[in-house]
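Commentary on secondary and tertiary structure
Residue-level listing of the chains:
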Amino acid sequence: MILQAHNQLTLQEFLNLSPGEGDVTYELVDGQAIPKMSPKKFHSKLTRAFLNLIEELSQGKGEVCPELAIALTRHGKDWVPTPDLLYISNERLPADWEEEGTCSVPPDLVIEIISPGQTFGQMIAKAQDYLDANVLRVSVVDSKARSMTVFYSDAPPKTFMGDEVLTDSLFEGWEFTVEQVFQMAKIPLNS
């Protein structure tokens, strides 16, 4: 179900909406409140594994948040995506950020895990929207391919699989393989 007023929702109207029934998260896209698919078991396990890993690697240098809405701009319109996971360095964190409010700055990193019904092509487009909104890195995780494609604001995307070590000059000291994350999430090879 899409929540929409007679006209397109403004950012403030979207933020003032009552929560949906059940455990539904909405994203603001082109003036409409679009429901986000509820994560399934592997999706949730991967999110938790990435959260734990990034918290350990960042060691107090920023905030790691699952399912936190971000107020951004997309194609000149207000856009409020809710990525699976985001990381904001202390340098980007606004001093007046309300703990219960929507994130008001572009994060350093967004991680999106492809859900059933989503395509890699859709996620490429969303990754570009994030980059256009000044997110520095976007990682798209494909649990079926056991891969992670990293989109950079200043370089072509790169796909990591298996035991290929992922490092990034933006995140000093971060070093891991995609397979390590799948093992941390206890997702078997034949899933």
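Here the structure is shown first, and the text comes after it.
Predicted model only: the values in this text are computed from it and were never measured. (Residues numbered from 1 in each chain as written. Predicted model: local features only at pLDDT ≥ 70, side-chain atom pairs only at ≥ 80, totals over all residues. Heavy atoms only, no water.)

Attention shifts here to the overall build of the chain. Of regular secondary structure, the chain possesses four helices and twelve strands. Counting all 191 residues of the chain, 45% fall into the buried class. For the chain, contacts bridging at least 24 residues in sequence account for 54% of all contacts bridging at least 6. Element-wise, carbon and sulfur atoms account for 50% of the exposed surface of the chain, whose accessible area totals about 10400 Å². (Helix = DSSP H or I, 4+ residues; strand = E, 2+ residues; numbered from the N terminus. Buried < 20%, exposed > 50% of the residue type's maximum accessible area, 1.4 Å probe, protein only. Contact = heavy atoms within 4.5 Å. Areas by Shrake-Rupley, 256 points an atom, 1.4 Å probe, with all protein chains shown as cover.)

Between its first and last C-alpha atoms helix 3 (residues 120-132) spans 18 Å; for 13 residues at 1.5 Å apiece the expected length is 18 Å, and the two agree. Of the residues making up helix 3, those classed as buried are Met123, Lys126, Ala127, Asp129, Tyr130 and Leu131. Just downstream of helix 3, Asn134 is the residue with a positive phi angle, here 75°. (Expected span 1.5 Å × (residues − 1).)

The subject of this paragraph is the environment of Asn90. Examined against the element boundaries, Asn90 turns out to sit in the loop between strand 6 (85-89) and strand 7 (109-113). Within polar-contact distance, the side chain of Asn90 engages the backbone oxygen of Gly60 at 2.9 Å. (Polar contact = N/O pair within 3.5 Å; in protein donor to acceptor, adjacent residues only side chain to side chain.)

Attention now moves to the side chain of Ser89. For Ser89, the location among the structural elements is in strand 6. Residues contacting Ser89, with those up to four places away along its chain left out, are Lys61, Gly62 and Asp108.

Of all six residues that make up strand 9 (residues 147-152), six are buried, and the element is covered over most of its length. Here strand 9 shows no split at all, with Ser147, Thr149 and Phe151 on one side and Met148, Val150 and Tyr152 on the other all buried. Looking at chain direction, strand 8 (residues 137-142) and strand 9 are connected through six bridges and run antiparallel. Looking at the pairing, Ser139 lines up with Val150 of strand 9. A loop of four residues connects strand 8 with strand 9, the two strands running antiparallel in sequence, and Arg146 in this loop sits at a positive phi of about 50°. (Pairing = 2+ DSSP bridges.)

The tally for this structure, following the rule as stated, stands at one cavity of 30 Å³ or more. Its volume calculated, the largest cavity comes out at about 120 Å³. Leu109, Ser139, Leu166, Phe171 and Trp174 are, among the 13 residues lining the largest cavity, the residues nearest its centre. Of all the elements in the fold, those that place two or more residues in the lining of the largest cavity are strand 7, strand 8, strand 9 and strand 11 (165-167). Here the lining of the largest cavity is built from residues that sort into nine nonpolar, two polar and two charged. (1 Å grid on protein atoms, 1.4 Å probe; cavity = no way out; pocket = protein on both sides within 12 Å on 5 of 7 lines; lining within 4 Å. Points joined across faces, edges and corners; volume = space filled by probe spheres on them. Nonpolar A, V, L, I, M, F, W, Y, C, P; charged D, E, K, R; others polar.)

Here we take up the pairing of strand 7. Here is the key point about a regular strand: its side chains alternate between the two faces of the sheet. The element strand 7 is largely enclosed, with a buried count of five among its five residues. Residues Leu109, Ile111 and Ile113 point to one face of strand 7 and Val110 and Glu112 to the other, with burial holding for every one of them. The sheet contact formed by strand 6 and strand 7 spans three bridges and is antiparallel. Each bridged residue has a counterpart across the sheet, and for Tyr87 the counterpart in strand 7 is Leu109. Handedness of the crossover is the feature at issue here: the chain leaves strand 7, passes through helix 3, returns alongside strand 8, and the resulting connection is right-handed. (Right-handed = clockwise from strand over helix to strand, strands pointing away.)

A few words on the sheet that holds strand 9. The strands making up a sheet associate through backbone hydrogen bonding, with each pair oriented either parallel or antiparallel. In space, the six strands of this open sheet follow the order 3-6-7-8-9-10, with mixed pairing throughout. Each having just a single partner strand, strand 3 (62-66) and strand 10 (158-161) make up the two edges of the open sheet. Shown here is a sheet whose adjacent strand axes are inclined to one another by a mean of 15°, direction ignored. Sheet topology note: the strand 3/strand 6 ladder contains five bridges and is antiparallel. Counterpart to Glu63 in the pairing with strand 6 is Ile88. Helix-sheet contacts for helix 3 involve strand 7, strand 8 and strand 9, and the interaxial angle to strand 8 is about 165°. (Axes fitted to C-alpha atoms, helices over the stretch in contact; angles between N-to-C directions.)

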